[in-house]
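Each chain, letter by letter, is given below.
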Amino acid sequence: MPKIDIPSLKDYSSTSLDGFFQAIQDSFEKEEAKVHTLDELEDLRIRWIGRKQGLMNQIGDVLKRAPAEARKDVGTRFNRLKQQIEQSLEAEPASLAPSAAPTDAIDITLPGIRPTHGAEHPLIRTMQEIIRVFEHMGYSVGVGPEVETDYYNFEALNFPPNHPARDTQDTLVVANQQHKPLRDRLLLRTHTSPVQIRTMERTPPPVRIVIPGKVHRNDAADATHSPIFHQVEGLCVDENITFSDLKGTLDQAMKELFGSNVRTRFFPSFFPFTEPSADVQISCIFCGGKGCRKCKHSGWIELLGCGMVNPAVFEFVRGKQPAYDPKKISGFAFGMGVDRIAMMKYGISDIGLLYSGDMRFLEQFA
Ligand code: PHE
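This structure is a prediction, so every number in the text was calculated from the model and none was measured. (Residues numbered from 1 in each chain as written. Predicted model: local features only at pLDDT ≥ 70, side-chain atom pairs only at ≥ 80, totals over all residues. Heavy atoms only, no water.)

## Details of the state of the cysteines
Joining two cysteines, a disulfide is a covalent bond between their sulfur atoms. Within the structure shown, the criterion is met by 0 disulfides. No disulfide involves Cys295; its nearest neighbouring cysteine sulfur is the one of Cys284, lying 3.8 Å away. (Disulfide = S-S within 2.5 Å.)

## What to know about the nonpolar core
Core analysis: the largest hydrophobic core is formed by 44 residues, its most contacted members being Phe134, Leu250, Met254, Phe258, Cys306, Phe334 and Met336. Only helix H5 (122-136), strand E5 (228-238), helix H8 (243-258), strand E7 (274-283), strand E8 (300-309), strand E9 (330-337) and helix H10 (338-346) provide two or more residues apiece to this core. Once residues lying within four places of it in the same chain are set aside, the contact partners of Phe258 are Ile282, Ile285, Leu303, Ile341, Met344 and Lys345. Membership of the second largest hydrophobic core comes to 24 residues, among which are Ala165, Ile197, Met200 and Phe314. (Core = buried A, V, L, I, M, F, W, Y, C linked by side-chain atoms within 4.5 Å. Buried < 20%, exposed > 50% of the residue type's maximum accessible area, 1.4 Å probe, protein only. Helix = DSSP H or I, 4+ residues; strand = E, 2+ residues; numbered from the N terminus. Contact = heavy atoms within 4.5 Å.)

## Looking at the environment of Phe286
Mapped onto the secondary structure, Phe286 falls in the loop between E7 and E8. According to the relative accessible area criterion, Phe286 is partly exposed, its value standing at 37%. Sequence-wise, Phe286 and Met344 are 58 residues apart; in three dimensions their C-alpha atoms are separated by 8.8 Å. Apart from the residues lying within four places of it in its own chain, the contact partners of Phe286 are Cys292, Lys294, Ile301 and Met344.

## Digging into H8
Between its terminal C-alpha atoms H8 stretches 22 Å, which fits the 22 Å expected from 16 residues at 1.5 Å a residue. Regarding H8, the residues found buried are Leu246, Thr249, Leu250, Ala253, Met254, Leu257 and Phe258. Take H8 and look down its axis: the buried residues cluster within an arc of 135°, on one side only. Gly259 occupies a position one or two residues after H8 and carries a positive phi of about 115°. (Expected span 1.5 Å × (residues − 1). Arc of directions from axis to C-beta.)

## Concerning the packing of helix H1 (residues 14-33) against helix H4 (residues 71-91)
Two elements in contact, H1 and H4, have axes separated by 11 Å at closest approach and are oriented at 15°. On the basis of the axis angle, H1 is roughly parallel to H4. The way H1 lies across H4 gives a crossing that is right-handed. For the pair formed by H1 and H4, the contact residues are Ser14, Leu17, Asp18, Phe21, Ile24, Gln25, Phe28 and Glu32 on the first element and Asp73, Val74, Arg77, Phe78, Leu81, Gln84, Ile85, Ser88 and Leu89 on the second. For the contact of H1 with H4, the class distribution of residues is 9 nonpolar, 4 polar and 4 charged. (Axes fitted to C-alpha atoms, helices over the stretch in contact; angles between N-to-C directions. Parallel < 35°, antiparallel > 145°, perpendicular 65-115°, else oblique. Left-handed = near helix turned anticlockwise from the far one by under 90°. Nonpolar A, V, L, I, M, F, W, Y, C, P; charged D, E, K, R; others polar.)

## A closer look at the domain arrangement of the chain
In terms of domains, the chain is made up of domain 1 (14-95) and domain 2 (122-147 + 187-365). Each of domain 1 and domain 2 was reduced to a C-alpha centroid, and the two centroids are 82 Å apart. (Domains from an automatic or database assignment.)

## A short note on the pattern of salt bridges
As enumerated under the stated definition, the model contains 15 salt bridges in all. Arg166 serves as the salt-bridge partner of Asp150, at 2.8 Å between the closest nitrogen and oxygen. Here Arg166 lies in the loop between helix H6 (150-153) and strand E3 (186-188) and Asp150 lies in helix H6, a separation of 16 residues in the sequence. Both residues of the pair, Asp150 and Arg166, count as buried. Of the charged contacts in the structure, one is a salt bridge between Arg318 and Glu315, with a shortest N-O distance of 3.4 Å. Of this pair, Arg318 and Glu315 both sit in helix H9 (residues 311-318), 3 residues apart, which is roughly one turn of that helix. Assessed through its relative accessible area of 29%, Arg318 is described here as partly exposed. (Salt bridge = Lys/Arg side-chain N within 4 Å of Asp/Glu carboxyl O.)

## A short note on the site of the ligand
Close to the ligand lie 14 residues, the nearest being His191, Ser193, Arg217, Gln231 and Glu233. Contacts to the ligand include Ser193, whose side-chain N or O atom sits 2.9 Å from a nitrogen atom. Considered on its own, the ligand offers 330 Å² of accessible surface; in the complex 92% of this is hidden by protein. Taken together, the elements giving at least two residues each to the shell around the ligand come down to E5, E8 and E9. Top contributing element to the shell around the ligand by residue count: E9, with 3 residues. (Near = heavy atom within 4 Å. Polar contact = N/O pair within 3.5 Å; in protein donor to acceptor, adjacent residues only side chain to side chain. Areas by Shrake-Rupley, 256 points an atom, 1.4 Å probe, with all protein chains shown as cover.)

## So, the side chain of Ser277
You can see Ser277 is positioned in strand E7. Residue Ser277 is classed as buried on the basis of its relative accessible area, which comes to 7%. Side-chain polar atoms of Ser277 contact the side chain of Thr274, separated by 2.6 Å. Setting aside chain neighbours within four positions, we find Ser277 in contact with Phe267, Pro268, Ser269, Phe270, Phe271, Cys306 and Gly307.

Structure below.
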């Protein structure tokens, strides 16, 4: 690093001071122009404004000898120059190459990093399989909100207030809703059936729709229960829809889902929004109906609820869609639990695994 001669000062007139500071600035700029690396820049910084040995300190010492009347002038110029030097030192690094050999070079001889592939969650996959079966039969697909009003989840589905059927649903409600009329209070939907009402309010018959979605119930978690689970709802409304259509549709759907050997049977059941109502069982897909541990030796597995749409439900919809006149049209509805079907199809013994986020479980579906 070249030494610089600190120029001598004849007197403290502003001409002399100008010349003095200009000479110093020129020397700095000459040295700065030769800097090519970050290391060289650091050397330059230490040489000029290093705290102990920096040239600017030495220059400052020389100037301390200035007579009192020139001090202010000298001080201003000194500070201005120092600031300029500091600023150009700070601005420099962006334009410089790193001193050592570049560290971001790619070593093409290393084995590559294999990106992990995403996989469809078994619940989503099962839901899609169910939907596809009904799409082939001409059904469309719809969705509805998971936070629902009491009206859509219960009232319009013909659950009167205080009706004991509400108790079977173990509803999780949104807090602080008591000031609202019952029908407006919010809850986590306990089934996908409210979307039946929302669909009919929007579209006049004929309707053929399946509705996949997440539902909630205040159930204690165990191997077969989870407070969150999934359903696929179905609704078909048209002229002359009969119970035979319901049976034929579900029988065909179960055969497509589980294989053509599967048989179905229908048992009387109760839902306020269907009349008559039925529970559907399929012949056990594990033993073919002979009886095994999986079907509790009955040969049958219960899979879904269904029934003919209760005329009372059409009456709730008619205000908005007069075409839902129970004298002219009829329909059927069904609802199935996706989690159970996924567990059967993929041999999953604990429903909790579907919600655990455990990679060892999920990777098996990749
Ligand atoms: N929503 C009912 C349940 O969750 C199932 C169902 C849907 C029954 C449609 C009949 C018709 O239990």
